[in-house]
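Report on the structure
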Amino acid sequence: MVLHLDDTFSALADPTRRAILARLALGEASVNELVAPFRLSQPAISKHLKVLERAGLISRSRVAQKRPCRLEAARLKEAAEWIEHYRRFWTESFDRLDEYLKTMPAEEGDHDHE
């Protein structure tokens, strides 16, 4: 799992690639359909698609003359699980800090600063 994280996060670092993934979350699309909402050329979008494909975030098939792209969410799930581990760590750390702070006596003069 961890082997793919570098490729996944590198691919996700670009806002155009994130937008492409958001579009593909709605369903598969051709390269021409993916070019439409961007002010980029078809070759530029194709380069983004190659990065996403190498990262395992999309797949492309061949249907006659078309090469529809489809989201492959498994790598996103791996990244989300990795992030979730650290979210839990910070949540637990803040909960412990909160409990510790509740045990400390309030100091005089801390309540009202005029």
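Everything in this summary refers to the structure shown in the same document. (Residues numbered from 1 in each chain as written. Predicted model: local features only at pLDDT ≥ 70, side-chain atom pairs only at ≥ 80, totals over all residues. Heavy atoms only, no water.)

1. With respect to helix α2 (residues 15-24)
Basically, it comes down to this: Whether a residue is buried, partly exposed or exposed follows from its accessible area with a 1.4 Å probe, protein chains only, as a fraction of its type maximum: under 20%, in between, or over 50%, in that order. For helices the rule is a DSSP run of H or I covering at least 4 residues; for strands it is a run of E covering at least 2, with both sets numbered from the N terminus onward. The arc refers to the directions leading from the helix axis to the C-beta atoms. Counting of polar contacts relies on pairs of N or O atoms within 3.5 Å, with two restrictions inside protein: one atom must be capable of donating a hydrogen and the other of accepting it, and residues adjacent in sequence are counted only when both atoms are side-chain atoms.
Of all the positions in α2, only T16, R17, I20, L21 and L24 are classed as buried. Looking down the long axis of α2, one finds its buried residues gathered within 140° of arc, a one-sided arrangement. For α2, the side-chain oxygen to backbone nitrogen distance between the N-cap and T16 is 2.8 Å, and the N-cap itself is D14.

2. A word on the pattern of salt bridges
Note the threshold: Here a salt bridge means any side-chain nitrogen of Lys or Arg lying within 4 Å of a carboxyl oxygen belonging to Asp or Glu.
One pass over the full model with this rule turns up four salt bridges. A salt bridge links E81 to K77; the shortest N-O distance between them is 2.6 Å. With a gap of four residues between them, E81 and K77 both fall in helix α5 (residues 74-103), about one helical turn apart. Between R87 and E84 there is a salt bridge, and its shortest N-O distance comes to 2.6 Å. With R87 and E84 both in helix α5 and three residues apart, this pair spans about one turn of that helix. A relative accessible area of 43% means that R87 is categorised as partly exposed. For E84, a relative accessible area of 28% puts it in the partly exposed group.

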